Amino acid sequence: MAENSTAMIASHLDEMALKIMMVEPGDLSIVGELVVLVEDLQNLEGIEEFPTLKKMGQALMSVIGQIVMNELPDSAQNYDLIGQCIGLMQESYRKHGEDDVSEKSFTALIGEISNASPVPEAGLPAPEAEAERPSKPTVAPQVDSDTSPLPTTPPPAIVSGPPQEMRILASPAVEAMEFLQDLELLTGFVSETLEHLESIEVNILDLEDNPTDQEIINKIFRPFHTIKGVAGFLNLKNIQKLAHSTENLLDDVRNGIHAMDAQVIEVVLKVGDFLKTMVENLKEVLANGPEQYKNYDITDYVAWVESVQSGNPAVPNKPAPQAVSPTQAPPAVAAQSSPVVPRPAPTAPSQASSPAPSTAKTPPATPQKAAIGESIKVDVEKLDSLVNAVGELVIMQATVRSNPKIAVLSDPKLLKDFAQLSRITSELQKTAMSMRMVPIRQTFQKMIRLVRDLSKKTGKEVNLVMEGEETEIDRNMVDSIYDPLVHMMRNSVDHGVQTPAEREKLGKPRAGVVNLRAYQKGGYMVIEIEDDGQGLNTEKIRRKAIERELIKENDKSTNYELNNLIFLPGFSTADTITDVSGRGVGMDVVKKAVEKLRGKVEAISEPGKGSLFVIRLPLTMAIIDGIIVRVGSERYIIPTTAIQESLKPKQESYNTVQGKGETLMVRGSVLPIIRLYKLFQVKPTYADPWDAIVVVVDYEGRQWAIMVDELLGKQEVVIKNLGGLSDIPGVAGGTILGDGRVGLILDLAGIVQSHSGHSVQESQPA
Amino acid sequence: MGAAAAIDNSIGEGLGGKYLTFSLGTEEYGIVITKIREIIGIMEITAVPHTPDFIKGVINLRGRVIPIIELRMRFGMEVRPYDERTCIIVVDVPGPTGTVQVGMLVDSVSEVVNIGAQDIEPPPDFGVSTDAENIIGMGKIKGKLKILLDVDQVIGRTLASTLSALK
């Protein structure tokens, strides 16, 4: 029980670490989620065993609370400090509170946050942060919302930048909330509006590159129009008004009265964010009742939008309301030709899944047109249960066919019908599977904004080049891959790419390039993040690893192995690999998140030239191609992707090393032998490798010979989790074999690790 | 621990209801019927490595893979070979991510009985023995005692601690 609660604390800290990565100044909703996490941590069972951690949590909660209450500045720099605090908490957890260094630095950090200048001067960086902060951005002429200190209520005449905060007015009485009368309509509005807002964001970013493209302007204008219309119909006055004023501005832009400039883009982005907040709030109302409703104050925003529209911030004039009857606006998207962010048509066979390399700069109209097609929305649960049922069908068919009474029949008609039946079922299975696949485009497109904001903030010039957005990924994985991806993109921009000045000194072009690629290879979906920045400092990593006793002084690890040590817990990129201050959150959270998806992540880097991070994910969480092997009375499935060959070894090629390690010579290379029966404690048929069969597998660039009794065949299997049994070392899951029994699917990472107890394992304090 | 204390206070009240009784050796046990999914005969079990002995492995329950806990081993009782009366009682217990189904391997299933709240006594005090936590009370039926098990505790907690021990 104690181990369980300890593990809970660890995973909780990881979650906090991931969450702080997501926080952006001005986005208090995520800060709120963080508060909940910290609060939960305080109440976890077993936290009493970590008094230091508990104390830290309390201190952390109080500073975050102050930020939320606007008593401390809501600035990036404070979040960086909080990130470091969380890093220290992880550190303290690992050392089981026996290390008071973390606690001391923690207290110092908290002090630093609390002593930060009061809110109005929020934009000023603290002196030590300034030294690390690169020179002011030269690219963006627009108002930087993070650094423009605005009085909370702007004077009516001058509205030069986006309002700083979203103020909330007293909520009206529940009876007054007319929009609650038709909940179904409201639910539809919420989901459609969120889609609209996403499409707006994507299009506005395109517009930055093609500011005169009338088609894109229309694509932004229309969703605002729809949102306004439906909001009016539902009597959501705030949303309607805000969307309306923005629509007016865009109408001017469309008609050439107002130029499409940086300010307009800023307006659209900020208004989009605000609308999103309001709609998210409605979602909460739908989920938890009308008392959740927040009556946001939009007057500042409307004033700002109007002042931008008038072109002269000093003289805001009221735009004439346009004659658009809200009731005429159709509540359904279908009637409008507005661009919905493409969703795959569930019934259509998936588009070419091979990666057609194309850059992010392709004309935006093309992919969207292609994807609009005919499509219907389906409840995810229904889809999942369909996929499960089809999986059952396939298994059942195999079971019926292998029934001994049926297997002896040789009626040609029956055999033909069986063949036909299996064709149909496998077709059905393929289609059902493809329904769960969605292009990764949406996730990638969110990175455009991220990189844009990051480069603006750090004063770096970064070109994001995307390839293979069409590549499909299991929809169950889309959400889980987002956080690690954001973390790594941040890493590449923050730590990888150097400032323009530095780059020029090195003879590189001013603008750094971050490549974000997706493609399919074998049974994997690969995502690559490559930058042409400074690369990892392998020597520093080595020293740090020695210091942490992860490797020995004379360790002969290759650069590749050393670089990949950054994925170990406590190996923060902040103070070791680059000198740029980060959030102190290690890459281990990325690794854990990716491994949860049964994927892997590796780093390849060349100092001075840049780094390449490769995430490899299984295409689907549901099916793998595997070889069934037998060990004693048990059967296991080895994923085909990892298998190189299988052979019956000769006795001459077998050797032992110092009486302990066993090796096998295969085609000139010496491979360590893993006796599966020993690892899994089952009784084998053969005890000597030369009687048995070895399967040569590749794991992290090394080969291993796994010893089994017999190969039984190759089969596509549906992966199932083992009920409540998860995280069993060496076991990725189970499947149901032809005879109805459960077979275990092997997890090579776990097998290799539990076999070798590799030198790069975390040194556990006693 | 907190949960056990809470149960102590509410002994008798709210515990009355229908119980499925089964036997392990000479002892008779009961579990609340609402926790039970179904009862199936013994079938071939696939062993799962790196798990404690009392986790016999996993079975295929109509396409779903569920773990099987041998209750005799869980209670440290002597193991005996399975026979035609050996049963698997499939129960719903809280898992790390929502409810999971787990099979309990028992000697034989007896009957479903109605036990009134007045017929339930608090669990006996075994001093330091932690296994008393697994018991919500002792039911009296026709002069015989049935040990009423807290399934969430016996199965759910066992599973959870097994998993965390693996990490």
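Residues numbered from 1 in each chain as written. Chains lettered and ligands numbered in written order. Predicted model: local features only at pLDDT ≥ 70, side-chain atom pairs only at ≥ 80, totals over all residues. Heavy atoms only, no water.

### Focus: the overall build of chain B
Right, on to step 1. Within chain B, the regular secondary structure consists of 3 helices and 11 strands.
Right, on to step 2. Traced from its N-terminal end to its C-terminal end, chain B shows the element sequence α-β-β-β-β-β-α-β-β-β-β-β-β-α.
Right, on to step 3. Sequence separation of at least 24 residues holds for 56% of the intrachain contacts in chain B that already meet a minimum separation of 6.
Right, on to step 4. Approximately 7900 Å² of chain B is accessible, and the part contributed by carbon and sulfur atoms is 51%. (Helix = DSSP H or I, 4+ residues; strand = E, 2+ residues; numbered from the N terminus. Contact = heavy atoms within 4.5 Å. Areas by Shrake-Rupley, 256 points an atom, 1.4 Å probe, with all protein chains shown as cover.)

### Some points on the overall build of chain A
Right, on to step 1. Each helix and strand in chain A was counted, giving 23 helices and 20 strands.
Right, on to step 2. For chain A, buried positions account for 48% of its 766 residues.
Right, on to step 3. In chain A, 71% of the contacts between residues at least 6 apart in sequence involve partners at least 24 apart.
Right, on to step 4. Looking at chain A as shown, the accessible area adds up to about 35100 Å², and 55% of this sits on carbon and sulfur atoms. (Buried < 20%, exposed > 50% of the residue type's maximum accessible area, 1.4 Å probe, protein only.)

### Side note on the side chain of A:S245
Right, on to step 1. Assignment of secondary structure puts A:S245 in helix 9 (residues 237-254).
Right, on to step 2. Setting aside chain neighbours within four positions, we find A:S245 in contact with A:V302, A:V305 and A:E306.

### A short note on the pattern of salt bridges
Residue and element names in this part refer to chain A.
Right, on to step 1. Tallying each qualifying case throughout the model produces 30 salt bridges over all chains.
Right, on to step 2. Residues D532 and R503 are paired through a salt bridge, measuring 2.9 Å at the closest nitrogen-oxygen approach. Highlighted residues: D532 in the loop between strand 7 (524-531) and helix 19 (538-547) and R503 in helix 18 (residues 500-505), separated in sequence by 29 residues.
Right, on to step 3. The class for R503 is buried, based on a relative accessible area of 0%.
Right, on to step 4. Its salt-bridge partner being E710, residue R630 comes within 2.7 Å of it at the nearest N-O pair. Of the two residues, R630 is situated in strand 10 (residues 623-631) and E710 in strand 18 (residues 710-718); the sequence distance between them amounts to 80 residues.
Right, on to step 5. On the accessibility criterion, R630 (19% relative accessible area) is buried.
Right, on to step 6. Relative accessible area serves as the criterion here: at 33%, E710 is assigned to the partly exposed category. (Salt bridge = Lys/Arg side-chain N within 4 Å of Asp/Glu carboxyl O.)

### Topic: unusual backbone geometry
Right, on to step 1. Of note, the phi angle at A:R667 is positive, near 45°, even though the residue is not glycine.
Right, on to step 2. Within the secondary structure layout, A:R667 lies in the loop between strand 14 (661-666) and strand 15 (669-675).
Right, on to step 3. Phi is positive for B:K142, close to 40°, though the residue is something other than glycine.
Right, on to step 4. With respect to the secondary-structure elements, B:K142 resides in the loop between strand 10 (135-141) and strand 11 (144-149).

### Description of the nonpolar core
Residue and element names in this part refer to chain A.
Right, on to step 1. Ranked by internal contacts, the top residues of the largest apolar core, which has 86 residues, are M16, L60, I82, I527 and L617.
Right, on to step 2. Here this core gathers at least three residues from each of two domains, domain 1 (2-132) and domain 4 (438-618).
Right, on to step 3. Among all residues touching I527, those that are not within four sequence positions of it are I440, F444, I481, L485, L516, R517, A518, F613, V614, I615 and L617. (Core = buried A, V, L, I, M, F, W, Y, C linked by side-chain atoms within 4.5 Å. Domains from an automatic or database assignment.)

### With respect to the interface of chain B and chain A
Right, on to step 1. With 29 residues of chain B at the contact, the number on the chain A side is 25 residues.
Right, on to step 2. Between chain B and chain A, a total of about 2400 Å² is buried, with carbon and sulfur atoms accounting for 66% of that surface.
Right, on to step 3. Among the salt bridges present, the one from A:R741 reaches B:E44, with a minimum N-O distance of 2.8 Å.
Right, on to step 4. Joining chain B to chain A, the criterion identifies 2 residue pairs in polar contact (both at pLDDT 80 or more).
Right, on to step 5. Here the side of chain B that touches chain A gets 8 residues from one element, more than from any other, and that element is helix 3 (residues 151-166) of chain B.
Right, on to step 6. For the side of chain B that touches chain A, the residue count by class is 16 nonpolar, 7 polar and 6 charged. (Buried area = accessible area lost by both parts, 1.4 Å probe. Polar contact = N/O pair within 3.5 Å; in protein donor to acceptor, adjacent residues only side chain to side chain. Nonpolar A, V, L, I, M, F, W, Y, C, P; charged D, E, K, R; others polar.)

### Here's the deal with helix 17 (residues 475-496) of chain A
Right, on to step 1. The first and last C-alpha atoms of helix 17 of chain A sit 30 Å apart over 22 residues, in line with the 32 Å expected at 1.5 Å per residue.
Right, on to step 2. Where helix 17 of chain A bends most, at A:I481, the angle is about 35°, and the proline A:P484 comes one to four residues later. (Expected span 1.5 Å × (residues − 1). Bend = angle between axes of the 7 residues up to and from the residue.)

### Describing the sheet that holds strand 7 (residues 98-106) of chain B
All names here are of chain B.
Right, on to step 1. Read across the open sheet, the 5 strands follow the order 3-6-7-5-4; overall the sheet is mixed. Two strands in the sheet have a free side with no partner beyond their single neighbour: strand 3 (36-41) and strand 4 (55-61). The mean angle between the axes of side-by-side strands here comes to 35°, regardless of whether they run parallel or antiparallel.
Right, on to step 2. Across 5 bridges, the pairing between strand 3 and strand 6 (residues 87-95) is antiparallel. (Pairing = 2+ DSSP bridges. Axes fitted to C-alpha atoms, helices over the stretch in contact; angles between N-to-C directions.)

### Observations regarding the packing of aromatic side chains
Residues and elements named next belong to chain A.
Right, on to step 1. Per the stated rule, a full pass over the model turns up 8 aromatic pairs over all chains.
Right, on to step 2. Taking the centre distance of 5.4 Å and the plane angle of 70° together, the rings of Y654 and W690 count as edge-to-face. Note that Y654 is positioned in strand 13 (residues 654-657) and W690 in the loop between helix 22 (676-680) and strand 16 (693-699), a separation of 36 residues in sequence.
Right, on to step 3. By relative accessible area, W690 is classed as partly exposed at 24%. (Phe/Tyr/Trp six-rings, centres within 6.5 Å; stacked < 30°, edge-to-face > 60°.)

### With respect to the packing of helix 10 (residues 262-288) of chain A against helix 11 (residues 299-310) of chain A
Residue and element names in this part refer to chain A.
Right, on to step 1. Closest axis-to-axis distance for the helix 10/helix 11 pair is 10 Å, and the angle between their directions is 160°. Between helix 10 and helix 11, the interaxial angle falls into the category roughly antiparallel. The handedness of the crossing between helix 10 and helix 11 comes out as left-handed. Residue-level contacts link Q263, V264, E266, V267, K270, V271 and F274 of helix 10 to Y301, W304, V305 and V308 of helix 11.
Right, on to step 2. In terms of residue class, the contact of helix 10 with helix 11 is built from 8 nonpolar, 1 polar and 2 charged. (Parallel < 35°, antiparallel > 145°, perpendicular 65-115°, else oblique. Left-handed = near helix turned anticlockwise from the far one by under 90°.)

### Notes on the confidence of the model for chain B
Right, on to step 1. Overall, the predicted model of chain B reaches an average pLDDT of 83, with 86% of residues at or above 70.
Right, on to step 2. Overall, residues 1-11 of chain B carries pLDDT values under 50, and its contacts beyond four positions in sequence, including any with other chains, amount to 13 contacts. (pLDDT = per-residue confidence, 0-100.)

### Overview of the pairing of strand 9 (residues 610-618) of chain A
All names here are of chain A.
Right, on to step 1. Of all the 9 residues making up strand 9, 8 are buried; the element is thus mostly covered by neighbouring parts of the structure.
Right, on to step 2. In this structure, strand 7 lies alongside strand 9, joined through 8 bridges in antiparallel fashion. Counterpart to E530 in the pairing with strand 9 is L612.
Right, on to step 3. In this structure, strand 8 (residues 600-606) lies alongside strand 9, joined through 7 bridges in antiparallel fashion. The partner of V601 across the bridge, within strand 9, is I615.

### A word on the pairing of strand 4 of chain B
The two faces of a sheet get side chains in turn, since along a regular strand they alternate between them.
All names here are of chain B.
Right, on to step 1. In terms of burial, strand 4 is a largely internal element, 6 of the 7 residues being buried.
Right, on to step 2. Of the strand pairs in this sheet, strand 4 and strand 5 (residues 64-70) are connected by 6 bridges, and their pairing is antiparallel. Residue pairing in the sheet places G57 in a bridge with I68 of strand 5.
Right, on to step 3. In sequence, strand 4 turns back onto strand 5 through a hairpin of 2 residues, with R62 there showing a positive phi of about 45°.

### A short note on the confidence of the model for chain A
All names here are of chain A.
Right, on to step 1. Scored by pLDDT, chain A comes out at a mean of 75, with 78% of its residues at no less than 70.
Right, on to step 2. Mean pLDDT across the elements of chain A bottoms out in helix 6 (residues 127-132) (40) and peaks in strand 20 (residues 742-746) (92).
Right, on to step 3. Under a pLDDT of 50 for its full length, residues 575-584 has, in the predicted model, 35 contacts with residues more than four places off or in other chains.
Right, on to step 4. Note on residues 758-766: pLDDT is under 50 here. Beyond four places in sequence and across chains, it has 16 contacts.

### Some details on the sheet that holds strand 16 of chain A
All names here are of chain A.
Right, on to step 1. Read from one edge of the open sheet, 6 strands run 12-16-17-15-14-13, paired in mixed fashion. Looking along the sheet, the strands with just one partner apiece sit at the ends: strand 12 (643-647) and strand 13. Averaged over all adjacent pairs, the angle separating strand axes in this sheet is 35°, with direction ignored.
Right, on to step 2. As paired elements, strand 16 and strand 17 (residues 702-708) share 7 bridges and run antiparallel to each other. Residue pairing for strand 17: V694 is matched across the bridge by M707.

### Considerations on a nonpolar patch on the surface
All names here are of chain A.
Right, on to step 1. A surface patch of nonpolar side chains, about 260 Å² in accessible area, is lined by L28, V68 and M69.
Right, on to step 2. As for its position among the elements, L28 is in helix 2 (residues 28-43).
Right, on to step 3. Given a relative accessible area of 37%, L28 falls into the partly exposed group. (Patch = residues over 30% accessible without salt bridge, like charges linked within 9 Å, V, L, I, M, F, W, Y side chains within 5 Å.)

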